[in-house]
Amino acid sequence: MNKFTEIVGQNIRELRKSLQLSHQKMAEQVGISYKYLGEIERGKVNLSVDILMKISNSFQIEPGKLLVSKSKDNDSLLKAQAILADLSPQQLEIIMDMVDVLKKHSIQ
């Protein structure tokens, strides 16, 4: 289709795979067919803003994060954000404390 739809599709596919979601499971969460999800991931269709919002909501990320070409750093950040979104407030606080300790003790 075009470079933009390919970037969006690739971002969706990479994040879905990193979270170990099947096409079927992801499609059910979003409310679309798995075939349509496959077309989106291959960059073969222009998805609506509504579908983009549903997909980003299922990942619990801002929709804009699916719109930009990613480096490996961004991929890791998106995966971490999706994982952290599933944690309880208490678990998130513990993780943030651990990150602070790691940051303070990292080699400069």
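Structure: above.
Because the structure is a prediction, the values reported are computed rather than measured.

A. Highlighting the pattern of salt bridges. Counted under the stated rule, the structure contains three salt bridges. The shortest N-O distance in the salt bridge between aspartate 50 and lysine 54 comes to 3.6 Å. Placement of both aspartate 50 and lysine 54 in helix H4 (residues 49–59) is noted, with a separation of four residues, approximately one turn of the helix. Taking the relative accessible area as the measure of exposure, aspartate 50 reaches 46% and is therefore partly exposed. When salt bridges that share partners are traced, they join Arg13, Arg16 and Glu41 into one network.

B. Spotlight on a nonpolar patch on the surface. Among the surface-exposed residues, Phe4, Leu67 and Val68 lie close enough to one another that they form a single nonpolar patch of about 250 Å² accessible area. Locating phenylalanine 4 in the fold gives a position in helix H1 (residues 3–18).

C. Structural context of the nonpolar core. If you look at the biggest cluster of nonpolar residues, it comprises 18 residues, and the most contacted ones within it are Ile12, Met26, Ile32, Ile40, Ile55, Phe59 and Leu66. Of all the secondary-structure elements, those providing two or more residues to this core are H1, helix H2 (23–30), helix H3 (34–41) and H4. Per element, the largest residue contribution to this core is four residues, and it comes from H4.

D. Quick look at H2. Looking at H2, one finds that the buried residues are Met26, Ala27 and Val30. Taken end-on, H2 shows its buried residues confined to a sector of 100°, consistent with a single buried face. Glycine 31 lies just past H2 and shows a positive phi near 90°.

How each quantity is defined
- Residues numbered from 1 in each chain as written.
- Predicted model: local features only at pLDDT ≥ 70, side-chain atom pairs only at ≥ 80, totals over all residues.
- Heavy atoms only, no water.
- Salt bridge = Lys/Arg side-chain N within 4 Å of Asp/Glu carboxyl O.
- Helix = DSSP H or I, 4+ residues; strand = E, 2+ residues; numbered from the N terminus.
- Buried < 20%, exposed > 50% of the residue type's maximum accessible area, 1.4 Å probe, protein only.
- Patch = residues over 30% accessible without salt bridge, like charges linked within 9 Å, V, L, I, M, F, W, Y side chains within 5 Å.
- Areas by Shrake-Rupley, 256 points an atom, 1.4 Å probe, with all protein chains shown as cover.
- Core = buried A, V, L, I, M, F, W, Y, C linked by side-chain atoms within 4.5 Å.
- Arc of directions from axis to C-beta.

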